[in-house]
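# Observations on the model geometry
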Amino acid sequence: MTGDHTILEMRGITKTFPGVKALQDVTLEVRRGEVHAICGENGAGKSTLMKVLSGVYPHGTYEGDIFFEGEPCEFKGIRDSEERGIVIIHQELALSPFLSIAENIFLGNERSKRGVIDWNSTNAEAAKLLARVGLTESPDTKIMDIGVGKQQLVEIAKALSKRVKLLILDEPTAALNDDDSAHLLDLLRSLQGQGITSIIISHKLNEIHAIADTTTVIRDGRTIETMEMHGAEPVSEERIIRAMVGRSLDARFPDREPVIGEEVLRIEDWTVHHPVDHGRVVVDHANLSVRRGEIVGIAGLMGAGRTELAMSVFGRAYGSNISGRILKDGKQIHVGSVREAIRHGIAYATEDRKRYGLNLIDTIKRNVSSAALDKVARLGVVDREGETKIAEQYRKDLNVKTPTVEALVGKLSGGNQQKVVLSKWIFADPDVLILDEPTRGIDVGAKYEIYTIMNALAAQGKAIIVISSELPELLGTCDRIYALSQGRITGEVSREDATQETLMHYMTMEKDGAAR
């Protein structure tokens, strides 16, 4: 039986889906009052383990035992686990955008008198909870009117309303900027001071270092190692990576000898206005070029206009009053629609793969062929056998972890979904491939595989443009990097001259040339 200092113990947890053993004999012990990190590659089983714990996968659908505060637990659903004080906040936030903060906090747990909601009590209680998480918004503010960082804090306030003892956060900072991430980590420390235990699932090793007392690594559905972060021997990032991927990533980026050819794409004097506020300039007279076999990076802070630039070039998928010229192989081209952009050999892999990049309720094979259906069709009818064969080839070539290409894309891990996005665009055979945050929300091992795919495409003579918030990623993969600030390209740096400091200088430059 667990001791007084242990709040949670999971023993021998095994969970099987058709054709896949997601968890195999996993053991986890969490001490009362600690922040316990769980990390591992995408598809390692981290989220599955937490769904077993919280009752999303009810007792009887898995093997093994769960003990919470020394007592065995057999949760039949989320309500059971929440009654015991275990609350999980999923990566995809479960808030209703049209309801107020207070309504969201007490949804399903309403403050009422004789069956009628007591709004005074609801708003007063919500205000107290918001103060605990550091939010100054009014409780009647609608969720749609606050940013993702604040929505994450509302989720935590909601957990506090349920008298949470063990708070589980699944990739809580994946969609947050640095300031919001730092604020969230500070809040976790403050909750720790109030006796709340936290489990945080994260890919961000710097965050794990900053916040975790203990880290458990899961690989291929098994517990690999549990490390004391502040023991006699401090735990290095390298050690965590080695445990996560089963090999040492001495170099986080694969070696590459670039072979750079003729210029493929040139963008001249490109100006884009906001789609609704037509007077606002979002991209301001941008000039850039990319050559065959070259990987070119675009660096910029949140709101600099990176995605807006890429989407406007990709068939004017964003913006209004767009002006400037696009030249392909030295000749001016017109790309007035996404279809025209694809026809001219330009592809864009979006940063929001779940909303725009993939059809999550369709199969892998249909997603792979979706951008170039004419290549798998005869007389306007899709050749299903040919479509399967092509998808199967990409599954092998890009190492997509799935037993079948008939699997729904929504069931794949983030890293594997990203490989399907890349398969789709590689199959379309573009000359220019724009990758917007290609490794966002993906673990270290899957990142390495994505970089290897990028290198292979460049070696085939493709011109690649990479947009990334991670400066080490741009420095490790690109031949040249453009910096963008407030919609303007403020600098262009070669691989040899690029440093994080140089890029940050250009990324924070005001329009008058001074650093912000």
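Thresholds applied
Residues numbered from 1 in each chain as written. Predicted model: local features only at pLDDT ≥ 70, side-chain atom pairs only at ≥ 80, totals over all residues. Heavy atoms only, no water. Buried < 20%, exposed > 50% of the residue type's maximum accessible area, 1.4 Å probe, protein only. Helix = DSSP H or I, 4+ residues; strand = E, 2+ residues; numbered from the N terminus. Phe/Tyr/Trp six-rings, centres within 6.5 Å; stacked < 30°, edge-to-face > 60°. Salt bridge = Lys/Arg side-chain N within 4 Å of Asp/Glu carboxyl O.

Within an unreviewed UniProt entry, the label attached to the protein chain reads Xylose ABC transporter ATP-binding protein, and the organism entered is Cellulomonas cellasea DSM 20118.

Among the 8 residues of helix α9 (residues 306-313), 6 are classified as buried, and the element is accordingly described as predominantly covered. Those residues of α9 that fall on the buried side of the exposure criterion are Arg 306, Thr 307, Leu 309, Ala 310, Ser 312 and Val 313.

Here the focus is unusual backbone geometry. Leaving glycine out, the prevailing phi sign among residues is negative, and the prevailing peptide bond configuration is trans. One non-glycine residue, Arg 163, lies in the positive phi region at around 55°. Residue position: Arg 163 is located in the loop between α5 (148-161) and β9 (166-170). Of the residues examined, Arg 163 reaches a relative accessible area of 65% and is grouped as exposed. One non-glycine residue with positive phi stands out, namely Arg 316, at about 55°. Take Arg 316: it is sitting in the loop between α9 and β16 (320-328). Residue Arg 316 is classed as partly exposed on the basis of its relative accessible area, which comes to 34%.

A separate point is the packing of aromatic side chains. In this structure the tally under the stated criterion is 3 aromatic pairs. A centroid spacing of 5.5 Å and a plane angle of 70° characterise the contact between Phe 17 and Tyr 57, whose relative ring orientation is edge-to-face. Placement of Phe 17 in strand β1 (residues 6-17) and of Tyr 57 in the loop between α1 (46-54) and β4 (63-68) is noted, with a sequence separation of 40 residues between them. On the accessibility criterion, Phe 17 (30% relative accessible area) is partly exposed.

Here we come to the pattern of salt bridges. Scanning all chains against the criterion turns up 24 salt bridges. One salt bridge connects Arg 239 with Glu 225, and the closest N-O pair in it is separated by 2.5 Å. With a gap of 14 residues between them, Arg 239 in helix α8 (residues 237-245) and Glu 225 in strand β12 (residues 222-228) connect regions that are remote in the sequence. Assessed through its relative accessible area of 27%, Glu 225 is described here as partly exposed. Three or more residues are tied together by salt bridges with common partners; here these are Arg 291, Glu 294, Arg 480 and Glu 492.

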